Amino acid sequence: MSKAQLSIRGEDLELPVIEGSEGEVGIDISRLRGGTGAVTLDAGYGNTGSCQSGITFIDGEKGILRYRGYAIEDLAEKASFEEVIHLLLWGELPTQGQLDDLNQKLGEYAVLDDGIKGFLKSLPKTAHPMSLLASAYTALETFYDSEGDSEEDVLRVLAGTATLSAYIYRHCKGLDFIDPRSDLDFAGNFLHMSFGKVGEEPNLNPAVQEAINKLLILHADHEQNCSASTVRMVGSAKASLYMSIAAGVGALSGPLHGGANQAVLEMLTAVQEDGGDLEKYVNMAKDKSSGFRLMGFGHRVYKNFDPRAKILKAACDEVLESLGLDDPLLDIAKKLEAVALEDEFFVKRRLYPNVDFYSGIIYRALSIPTNMFTVMFALGRVSGWIAQWKEMRNDPAFRIHRPRQIYIGETARAIQPISERG
Ligand code: CMC
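Quick caveat, the model's predicted, so the values are computed rather than measured.

(A) Seen up close, the overall build of the protein. From N to C terminus, the protein includes 18 helices and six strands. The C-alpha radius of gyration of the protein comes to 23 Å, within 12% of the 22 Å expected for a compact globule of 422 residues. C-alpha extents for the protein along the principal axes are approximately 75 × 65 × 55 Å. Across the 422 residues of the protein, 47% fall into the buried class.

Written out as structure tokens, the structure is:
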């Protein structure tokens, strides 16, 4: 194994170099503070690896995304979301027997304690669905006598997310809830519970079900992003899975993260209402003092096309065609992308459309309200959060996450009596 040499305050230190299976290189600094008294400082963690992980691989330069070695393009085309859940959580694509078993368990655990309905109904219908979702996970834990870290908890959080998301949609619309069914797959169950009619048999459109399946797969995991790192951070304190996932929902809700999908649609609508003046919005995004960014553009890791955005752009055309729809916002999005990709500001900074740029147009075509878009992101991402959480808790190197800091505040001083402070 090669070593990195570090010289600091007259001390020389040799640091082990860790190599990942795709040739990624990391310097193991776990002995740095003990050996030299120094810590590292890396605002926004752009250079910090927080763990070793075997779940998701991204090559941001080449625009590659793989779950446990399988290309996202292949999974989106050939797998069901349930197969991807099995892959992420248990390491391999399932055999038919394993898949049947998982489907049966997902059906079983989608049925939640009735008390959760009353809890959701007690919350304001006008609240943002992501706030309702975060509240729902912590409430869910209160109905079960569990440590919050068992295989049952994993299945309940996973399957229950479809139920909670559908209940939240109907609560905001003032509609009665529809219970999950054991004869529908994950996407079908979510669609039936959300858009079905109380007391009626499911009436599912296979094209819609397929589109949701693809969206869930594309959103399932994305290695150590802000929400996954939050889930790991909270879970590292040995907090329950429910608490960890609720915290992840909080992180995802931000407009720089999952909340961007809602912001993109609002931006495209604003462009449309402004008479399609694309230049105005591109110029505004280039002007730092405007505080406006082109939503759905740019990524910390991808410095090339986000492969998920490519798949979703093509899926937009397919979904709209299969539903016989024509959405002027798709036209605006494509033109906006073309203008931005030609503009020196975006070219120089290597800013490309990300996963959130096109997903909203599909959600809109499926009649999902704009403020539910980030819940749709969470519906897929919960599987990745749980996989990350399980990996962290089973890691032999497990320790509570506790970053250090460089203190830049006042040095020691005495307290003045209040009458002497001025
Ligand atoms: N519009 C205009 N300028 C941008 C944008 C944008 N969308 N994104 C980055 N920049 C500029 C930024 O001003 C900076 O310029 P300079 O170097 O001159 O100061 C440069 O590009 C680098 O930006 P950064 O903020 O240092 O990059 P980051 O890695 O910290 O942030 C990001 C990544 C995704 C938060 C950011 O690109 C952004 O705010 N994008 C818009 C929000 C968005 O679409 N978020 C979804 C991310 S993907 C899915 C997910 O995570 O949920």
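(B) Structural detail: the packing of aromatic side chains. Counting across every chain of the model gives ten aromatic pairs. An angle of 90 degrees between the planes, with centres 5.3 Å apart, marks the rings of F297 and F357 as edge-to-face. You can see F297 sitting in the loop between α13 (278–286) and α14 (307–322) and its partner F357 sitting in helix α17 (residues 355–365), a full 60 residues away along the chain. Taken as a pair, F297 and F357 share a single burial class, namely buried. Through a chain of ring-to-ring contacts, the aromatic side chains of F297, F345, F346, F357 and Y358 assemble into a single cluster.

(C) Focus on the layout of surface pockets. The space that makes up the second largest pocket amounts to roughly 280 Å³. Considering the residues around the second largest pocket, the lining is formed by 15 residues, among which L191, F195, G196, N203 and L204 are closest to the centre. Looking at the lining of the second largest pocket, the elements that each hand over two or more residues are α8 (186–195) and α9 (206–219). A per-element tally of the lining of the second largest pocket places α8 first, with three residues. Along the lines of polarity and charge, the residues of the lining of the second largest pocket split into six nonpolar, six polar and three charged.

(D) Quick look at the sheet that holds strand β6 (residues 70–71). Reading across from one edge, β4-β5-β6 is the order of the three strands in this open sheet, with antiparallel pairing throughout. For this open sheet the edge positions go to β4 (56–59) and β6, each flanked by a neighbour on one side alone. In the sheet, β4 pairs with strand β5 (residues 64–67) via four bridges, with the strands oriented antiparallel. If you follow F57 over to β5, its bridge partner there is R66.

(E) How the structure looks around empty space enclosed by the protein. All told, the structure shown has one cavity of 30 Å³ or more when counted by the stated rule. Roughly 40 Å³ of internal volume is contained in the largest cavity. Taken together, G298, H299, Y302, N304, D306, R350, L351, Y352, P353 and N354 make up the lining of the largest cavity. A breakdown of the residues in the lining of the largest cavity according to their chemical character gives four nonpolar, four polar and two charged.

(F) The site of the ligand, seen in detail. If you check the shell around the ligand, you find 22 residues, and the closest are K288, R293, L294, G296 and R300. One nitrogen or oxygen atom from the side chain of R300 is found 2.7 Å from an oxygen atom belonging to the ligand. In isolation the ligand exposes 930 Å². Once the protein is present, 76% of that is buried. For the shell around the ligand, the class distribution of residues is eleven nonpolar, six polar and five charged.

(G) Expanded view of the packing of α9 against helix α18 (residues 373–394). Contact pair α9 / α18: the axes reach a minimum separation of 7 Å and the direction vectors enclose 65 degrees. With respect to their mutual orientation, α9 and α18 come out roughly perpendicular. Between α9 and α18 lies a crossing of right-handed hand. Counting all contacts with α9, which are made through I212, L216 and H219, the residues of α18 involved are M376, F377, L379, G380 and R381. The class makeup of the residues in the contact of α9 with α18 is five nonpolar, two polar and one charged.

Conventions used here
- Residues numbered from 1 in each chain as written.
- Predicted model: local features only at pLDDT ≥ 70, side-chain atom pairs only at ≥ 80, totals over all residues.
- Heavy atoms only, no water.
- Helix = DSSP H or I, 4+ residues; strand = E, 2+ residues; numbered from the N terminus.
- Rg over C-alpha atoms; globule rule 2.2 N^0.38 Å.
- Buried < 20%, exposed > 50% of the residue type's maximum accessible area, 1.4 Å probe, protein only.
- Phe/Tyr/Trp six-rings, centres within 6.5 Å; stacked < 30°, edge-to-face > 60°.
- 1 Å grid on protein atoms, 1.4 Å probe; cavity = no way out; pocket = protein on both sides within 12 Å on 5 of 7 lines; lining within 4 Å.
- Points joined across faces, edges and corners; volume = space filled by probe spheres on them.
- Nonpolar A, V, L, I, M, F, W, Y, C, P; charged D, E, K, R; others polar.
- Pairing = 2+ DSSP bridges.
- Near = heavy atom within 4 Å.
- Polar contact = N/O pair within 3.5 Å; in protein donor to acceptor, adjacent residues only side chain to side chain.
- Areas by Shrake-Rupley, 256 points an atom, 1.4 Å probe, with all protein chains shown as cover.
- Axes fitted to C-alpha atoms, helices over the stretch in contact; angles between N-to-C directions.
- Parallel < 35°, antiparallel > 145°, perpendicular 65-115°, else oblique.
- Left-handed = near helix turned anticlockwise from the far one by under 90°.
- Contact = heavy atoms within 4.5 Å.

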